[in-house]
Amino acid sequence: MSFAKLEIFNVESGQITALLETDRHIEAPNWAGEALIVNAEGKLFRVALDAPELVEIDTGGHTQCNNDHGLSPDGRWLVISDSSEAGESCIYTLPATGGVPERITMQTPSWWHGWSPDGETLAYTCRREGVFGIATIPEAGGDETVLIAGRGHYDGPDYTPDGAHIWFNSDRGGQMNLWRMRADGSEPEEMTGGDSVDWFPHPSPDGRNVVFLSYPPGTSGHPFGRDVELRMMPAAGGAAKTLVSLYGGQGTINVPSWSPDGRRFAFVRYARPAES
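Calculation criteria
Residues numbered from 1 in each chain as written. Predicted model: local features only at pLDDT ≥ 70, side-chain atom pairs only at ≥ 80, totals over all residues. Heavy atoms only, no water. Helix = DSSP H or I, 4+ residues; strand = E, 2+ residues; numbered from the N terminus. Buried < 20%, exposed > 50% of the residue type's maximum accessible area, 1.4 Å probe, protein only. Contact = heavy atoms within 4.5 Å. Areas by Shrake-Rupley, 256 points an atom, 1.4 Å probe, with all protein chains shown as cover. Pairing = 2+ DSSP bridges. Polar contact = N/O pair within 3.5 Å; in protein donor to acceptor, adjacent residues only side chain to side chain. Disulfide = S-S within 2.5 Å. Axes fitted to C-alpha atoms, helices over the stretch in contact; angles between N-to-C directions. Salt bridge = Lys/Arg side-chain N within 4 Å of Asp/Glu carboxyl O. Core = buried A, V, L, I, M, F, W, Y, C linked by side-chain atoms within 4.5 Å.

## Thoughts on the overall build of the protein chain
Move 1: When you go through the protein chain residue by residue, the secondary structure sums to 0 helices and 23 strands.
Move 2: Put simply, the protein chain has 276 residues, and 53% of those count as buried.
Move 3: Residue pairs in contact within the protein chain that sit at least 24 positions apart in sequence constitute 39% of those at least 6 positions apart.
Move 4: Carbon and sulfur atoms form 45% of the exposed surface of the protein chain, whose accessible area is close to 11,400 Å².

So, in structure tokens, the structure goes:
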């Protein structure tokens, strides 16, 4: 049995389609037109929907890419988080078809997670002097703005399609839940509660729903190799419903993976050790 399955969930029908099965440890799909982008072993790969195989993307010698990558709203640029040059995760952009990366963040570590709908701003997780936070920077580089930081962990920032809010996950309230704040960092609002450990919220392109990864109560961090659920909740707040129960975790749905039409999203399911 293969180690990983790259799958697509249809929100309207609830149907799951397996696009690719592989023995490689692929992670974190992005939707890229008629293809998906994943990372594996420090490199990025494109998987065409009509001819699914792993085709490497040229990242200009940056071969320590992690699973925090994605496309600009116009599809022309690819953002990566890579530690080849800086020794810690650093954000770069390059042409979506591949090429020489341009360094964007001077401070490290920085892990990209969201691109503003107007294409002008990148949102990312940062750790500065040991403190986690959510920061933004112009897409061409420049001054970093830390929007929110403090005790605990902050991760997974992703913009709403109108650009008004940024969703993220944090344990600033004591439990790892989903939060929403204004795009300038003001008015943080806790959006989930309960015992589950919730990570990586991704608003749908129509702004109505948010898909996220949910771990069992008591889980520390966002580890690989757990029984997890992909859940969806109304963006305005309210009860979440489970869409998929699977073996996964880290790598399943770290970064934005909605199709542009909002009808589908991509994720990775892994084989349990006894099944591989």
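Here the narrative resumes.
## Considerations on the sheet that holds strand E6 (residues 55-56)
The strands that make up a sheet pair up through hydrogen bonds in the backbone, lying either parallel or antiparallel.
Move 1: Here we have 4 strands laid out as an open sheet, ordered E3-E4-E5-E6, and antiparallel in their pairing. Two strands close off the open sheet at either side, each with one partner strand: strand E3 (26-32) and E6.
Move 2: The sheet contact formed by strand E4 (residues 35-40) and strand E5 (residues 43-48) spans 6 bridges and is antiparallel. Counted as the bridge partner of Leu 36 is Val 47 from E5.

## Notes on the environment of Glu 229
Move 1: In this structure, Glu 229 sits in strand E21 (residues 224-234).
Move 2: In this structure the C-alpha to C-alpha distance between Glu 229 and Ser 214, which are 15 residues apart in sequence, comes to 5.1 Å.
Move 3: Once residues within four sequence positions are removed from consideration, Glu 229 is found in contact with Phe 212, Leu 213, Ser 214, Thr 242, Val 244, Ser 245 and Leu 246.
Move 4: A distance of 2.7 Å separates polar atoms of two side chains, one belonging to Glu 229 and the other to Arg 231.
Move 5: Polar side-chain contacts of Glu 229 include one of 2.9 Å to the side chain of Thr 242.

## Remarks on the state of the cysteines
Move 1: Summed over all chains, the structure comprises 0 disulfides.
Move 2: Cys 90 provides the cysteine sulfur closest to Cys 65, a residue in no disulfide bond, and the two sulfurs are 11 Å apart.
Move 3: What makes Cys 65 buried here is its relative accessible area of 6%.
Move 4: With no disulfide of its own, Cys 126 lies closest to Cys 90 among cysteine sulfurs, the gap being 13 Å.
Move 5: The class for Cys 126 is buried, based on a relative accessible area of 1%.

## Quick look at the sheet that holds strand E11 (residues 110-115)
Move 1: Ordered by their spatial adjacency, 4 strands build an open sheet running E11-E12-E13-E14, and the pairing between neighbours is antiparallel. Edge strands, defined here as strands with exactly one partner in the open sheet, are E11 and strand E14 (145-149). The mean inter-strand angle of the sheet, taken between neighbouring strand axes irrespective of direction, is 30°.
Move 2: When strand E12 (residues 121-128) meets strand E13 (residues 131-138), the two strands line up antiparallel, connected through 8 bridges. Bridging from a neighbouring strand, Cys 126 pairs with Gly 133 of E13.

## Some thoughts on the pattern of salt bridges
Move 1: Within the structure shown, the criterion is met by 11 salt bridges.
Move 2: A salt bridge links Glu 187 to Arg 182; its shortest N-O distance comes to 3.5 Å.
Move 3: Looking at Glu 187, the relative accessible area reads 55%, which means it is exposed.

## Some words on the nonpolar core
Move 1: Grouped together as the largest cluster of nonpolar side chains are 18 residues, with contacts concentrated most on Val 211, Leu 213, Leu 230, Leu 243, Val 244, Phe 265 and Phe 267.
Move 2: Looking at this core, the elements that each hand over two or more residues are strand E19 (197-203), strand E20 (209-215), E21, strand E22 (241-249) and strand E23 (264-270).
Move 3: Ignoring sequence-local partners within four residues, the contact set of Val 211 consists of Phe 200, Pro 201, His 202, Arg 231, Met 232, Leu 243, Ile 253, Trp 258 and Phe 265.

## Here's the deal with unusual backbone geometry
Move 1: Pro 109 follows Thr 108 through a cis peptide bond whose omega is -5°.
Move 2: Tracing the chain through its elements places Pro 109 in the loop between strand E10 (102-103) and E11.
Move 3: For Glu 41, which is not glycine, the phi dihedral falls at a positive 50°.
Move 4: The residue Glu 41 is located in the loop between E4 and E5 in this model.

Shape descriptors only; they carry no functional weight alone.
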